[in-house]
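# Chain and residue survey
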Amino acid sequence: MDIIKALEWRYAVKKYNPNKHLSEEQIQRVLRGLQLTATSMGMQLMRFFVVENKDIRDRIKDVAYSQSQVVDASHLLVLCRRIDVKESDIDAVVEQTQKIREIPADAPQLSGYATMMKSAIFMEKQKQEKWLENQVYLAMGNLLAICAAEQIDATPMEGFTPEKVDEILELNKQGYASVLLCAIGYRADDDKYSDLKKVRKDEEQLISFIK
């Protein structure tokens with residue numbers, strides 16, 4: 001589907017068909033797209049949890065204002081940020097870059113890359129947390145576009161208690177904190193929002209050209 005038509009087609013689904021599920025191939029395409037998300041300096045300081053367990057999804061629903069999408073959608077994704085950044089995280093990115101691009105380990109550009117990242121990333125804790133969260137929002141935007149292009153319904157969700165989700169999934173033990181939820185699957189035939197016209201500002205209200 002043309003990407004503009006796909007974006008016009010999508011909306012934040014309020015009611016899912018609980019009996020209709022995505023295929024394994026569809027899930028893998030969505031996850032591959034998430035893997036390709038652009039992030040600052042290519043650090044990818046995030047992790048995406050695909051929650052399939054029904055009991056766990058029921059528990060998450062309880063701390064997500066009882067939103068039915070959490071349990072009725074085919075899959076629930078929890079988009080998380082790293083709790084903090086360690087030098088080992090940066091070293092791992094440099095090592096991966098060296099391996100994939102087949103650069104000599106002692107190449108000056110690699111050490112310069114590492115130095116640049118370390119000087120940029122180690123900042124005041126509150127500022128760093130905000131920066132890490134922003135990376136997850138980039139991933140969410142990409143996820144919504146991927147799903148639209150694949151004709152998969154998606155609902156981005158901020159309405160939940162992150163600390164409770166962290167506790168349910170034991171995220172802190174793994175070094176992560178939840179930022180966003182996203183339900184994906186197929187809209188129910190009787191979702192009353194599916195036929196509503198999309199409301200957006202006119203382009204001239206959003207876009208300015210500076211020549």
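Check the entry above for the structure.
Residues numbered from 1 in each chain as written. Predicted model: local features only at pLDDT ≥ 70, side-chain atom pairs only at ≥ 80, totals over all residues. Heavy atoms only, no water.

### Quick word on the nonpolar core
Stated precisely, the cut-off is as follows: Each nonpolar core is a collection of buried residues, namely Ala, Val, Leu, Ile, Met, Phe, Trp, Tyr and Cys, held together in the definition by side-chain atoms within 4.5 Å. Whether a residue is buried, partly exposed or exposed follows from its accessible area with a 1.4 Å probe, protein chains only, as a fraction of its type maximum: under 20%, in between, or over 50%, in that order. In this text, helices come from DSSP runs of H or I with a minimum length of four residues, and strands from runs of E with a minimum of two, each type numbered from the N-terminal end. Throughout, a contact is declared for two residues whenever any of their heavy atoms are within 4.5 Å.
Of all hydrophobic cores here, the largest spans 22 residues; its most connected members are I60, L76, V78, V165, L169 and L181. When residues of this core are traced back to their parent elements, those giving at least two are β1 (46-51), β2 (75-82), α8 (162-169) and β4 (176-185). Once residues lying within four places of it in the same chain are set aside, the contact partners of L169 are V51, I56, I60, V78 and Q174. Ranked by size, the runner-up nonpolar core spans 21 residues in total, among them V30, L77, V136 and M140.

### Some points on the pattern of salt bridges
Spelled out, the test is: The term salt bridge refers to a pairing of a side-chain nitrogen on Lys or Arg with a carboxyl oxygen on Asp or Glu at a separation within 4 Å.
Inspection of the entire model under this criterion finds 11 salt bridges. Where K118 meets D91, a salt bridge forms, and the shortest distance between an N and an O atom there is 3.2 Å. A residue pair is termed long-range when its members are at least 10 positions apart, and K118 in helix α6 (residues 108-121) and D91 in helix α5 (residues 87-100) qualify at 27 residues. Given the relative accessible area of 24%, K118 is considered partly exposed. Across the pair K173 and E170 runs a salt bridge whose closest N-O atoms are separated by 3.6 Å.

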